[in-house]
Structure formats: structure tokens, C-alpha cells
Amino acid sequence: MLNNFPAVSSPGHGIEMPPEGGVDESHGDKSEAFLARARRDFHAALLANGVLTVNDKGVASNADGGQRSSVAFAKRIADSLLVETVGERLAGQTSGGEFETACADFVRSTFLRLGMLRPGEWSVTKVAGRRSIEYIAAYDQYSHLLDLDLAVKANPELRAVLGNAYVIAPDVVVVRAPVDDDFINSDELIVDESVARLASLRRVNQPRGLLHAVISCKWTLRSDRAQNARSESLNLIRNRKGRLPHIAVVTAEPSPSRLASLALGTGDVDTLYHFALPELIEAVHAEDNDEAISMLDTMVSGKRLKDIADLPLDLAI
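Residues numbered from 1 in each chain as written. Predicted model: local features only at pLDDT ≥ 70, side-chain atom pairs only at ≥ 80, totals over all residues. Heavy atoms only, no water.

> Teacher, can you tell me more about the overall build of the protein chain here?
On a plain count of helices and strands, the protein chain comes out with twelve helices and six strands. Within the protein chain, the fraction of its 317 residues that count as buried is 48%. For the protein chain, the share of sequence-separated contacts (at least 6 apart) that also reach a separation of at least 24 residues comes to 74%. Surface accessibility of the protein chain: about 15,500 Å² in total, with carbon and sulfur atoms responsible for 51%. (Helix = DSSP H or I, 4+ residues; strand = E, 2+ residues; numbered from the N terminus. Buried < 20%, exposed > 50% of the residue type's maximum accessible area, 1.4 Å probe, protein only. Contact = heavy atoms within 4.5 Å. Areas by Shrake-Rupley, 256 points an atom, 1.4 Å probe, with all protein chains shown as cover.)

> Looking at this structure, I do not really get the environment of L221. What am I missing?
Among the secondary structure elements, L221 is positioned in the loop between β3 (210-218) and α8 (223-239). The exposure class of L221 is buried, given its relative accessible area of 1%. Separated by 34 residues in the primary sequence, L221 and S255 have C-alpha atoms spaced 8.5 Å apart. Here L221 is in contact with A226, T251, E253, R258, L259, L262 and L272, once residues within four sequence places are set aside.

> Is there a simple way to think about the side chain of H43 in this case?
Examined against the element boundaries, H43 turns out to sit in helix α1 (residues 34-48). What H43 contacts, discounting residues up to four positions off in sequence, is L81, F275, A276 and E279.

> Sorry if this is basic, but what is going on with the packing of aromatic side chains here?
For any two aromatic rings, the description comes down to two numbers: the centre-to-centre distance and the angle of the planes. For the coordinates displayed, the defined rule picks out six aromatic pairs. Taken together, a centroid distance of 5.2 Å and an interplanar angle of 65 degrees make the contact between F99 and W219 edge-to-face. In this pair, F99 is assigned in helix α3 (residues 92-111) and W219 in the loop between β3 and α8, connecting sequence segments 120 residues apart. Take F99 and W219: they sit in the same class, and that class is buried. Ring centres of F111 and W122 lie 5.1 Å apart, and the angle between their planes is 85 degrees; on these two criteria the pair is classed as edge-to-face. (Phe/Tyr/Trp six-rings, centres within 6.5 Å; stacked < 30°, edge-to-face > 60°.)

Okay, here's the thing in C-alpha cells:
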């Protein structure tokens, strides 16, 4: 299964920065696939913003310096992506925020290109701040959470019972706007005032956006971050009224065992997406780490781990 990935870019083909927030289509091989260009530009943004660096000891910024295999895998990934920036890693909150921005820009520039597969009026937004209840309650499936939050704040006993089991703090959201009846009826009369009066897709029934996907962005996956991602996804599952959004996690974690801590299990998230999966696979093979190779194969063949370039098409399902 792992051998099905195409070869990664070889040294000598430098990465150039795209225009801010988008894919650079002004140059390069026009026969190259759009998603391949978008993926390269995503990596270029991480390099330019100082998120992905290698320090003077050869430790990449996404590596766990205390774990030999993590350092080795991360360094090989960095070499494959032609990381030349030498510097110390950014503060955790800074690198996390920049990674979220890069992921949001990538999804926006790719998923919005797939109108032939997923028609509609879409938006892709990085959630600024963490006013979680007010933000998530703006969407149709979770609008009831605002009333719940007000009730909890007014009743200490209710707060003791519920705790934070309804708190949802997304990083990146993909939202579809509701549709006017004129558009629905553009070819023939599909709906009128007598029918489909509870369908959320009709703007006449309700004005809120429909939460299509929630993407959690974790630069690395230490144990607490993996658990946070699970908790957030479970809150999304348990507290919705209506269709469950896609629940995805994007990470740059180089350790297969830590990836497995979130990817394997009962399917709390739809899929875990790696920022450079072919490069990671090449790295574990180059290190001849049988355990890591086997674990990656289990996750990939089990459809639990994919590359970030797979995410836009999966969102179109």
C-alpha cells in the first residue's frame, strides 16, 4: 500500500512562494496537477512563515527533540521539502496559529475550486479567538448551544452536571450558505410554501450557515493535543441537531506512534491528514524502521491516515 504514493520532489526543484492566501498559477509546468501546485505552495507558506525550520543541531521544528526516531523522520521530511531555514522553533501558540492559517488558505484555494463536484455558496474560515459557543452557535446544527450556554451560566448546578461537554472550539470551518427558493426552482418548481418547511438548506426556513466541515489543525500531536482533538470531535458528534459535519484533523507530527494515537480507534474523527505523508513514508523507509513502516501501512490501508492533498476531494463527498 505504501508504495502506491508517487515519488516526492527531488532536490533541485525549489519552492517559490504563492500570492498570499492562494495558489500561484503564474508560472511553472501547466501540465502539473492543480492539487500538486497547491500542496507545494502550502509547504512554501510554512517555510516562509518560519513554522517549518531546522535548528543548528539538525532538529526540525516539528520534531520531539527527546525522541530519536522523531528527530530522524522530521529531518528527512524537511530535507525532502528543501528546508534551508536555520532557526529555533516558534513558540507553540505562534506556530499553531500560523499552521492553522496555512491549512485554511490551502483548503480555501482548493476546495472552492471543486464547484463541479460540490456546487453551492461556500466559505472557508480560520476561527479567530476562541469564543467557542458564540461562534459555533452561528451555524444551523449548533444554534441551540447558545441557549444551553446561557442556562448553564445562570445555573451553577447545571454547570456542575454538564461541565464543558458542549464546548466546541474549531480551528477552521467550511460552511455552506442556505439557498434561495428562486435558485432551487430555477429549472422547475421543486418547493413552495406548502412543502419542505423544515429543510435547513432553504433560506426561507432559516438564515444560518450550514456547517459542512470542522478541521482541527495540530502542528504536532503530543498526548494532550491528541486527546483535545478527540474531545472536540466527540462534542461535535454529541451536540449536533441535524447533519454531522466532516470532522478532520491536519497535523505535521512525524512520529507514526503518535499519529496512531489519534488515527486508530473508534473513529472519533473522519480522517487524520498529514501535511507531508509521502515524505513521511519515504522517511520511515529510509530509516529502515520496521515498526514505523508497519504502523503507517496499517493507518493508510485502513483509510485512517491520508495526505493533505486528499482533504479537498474528501470534503467534496
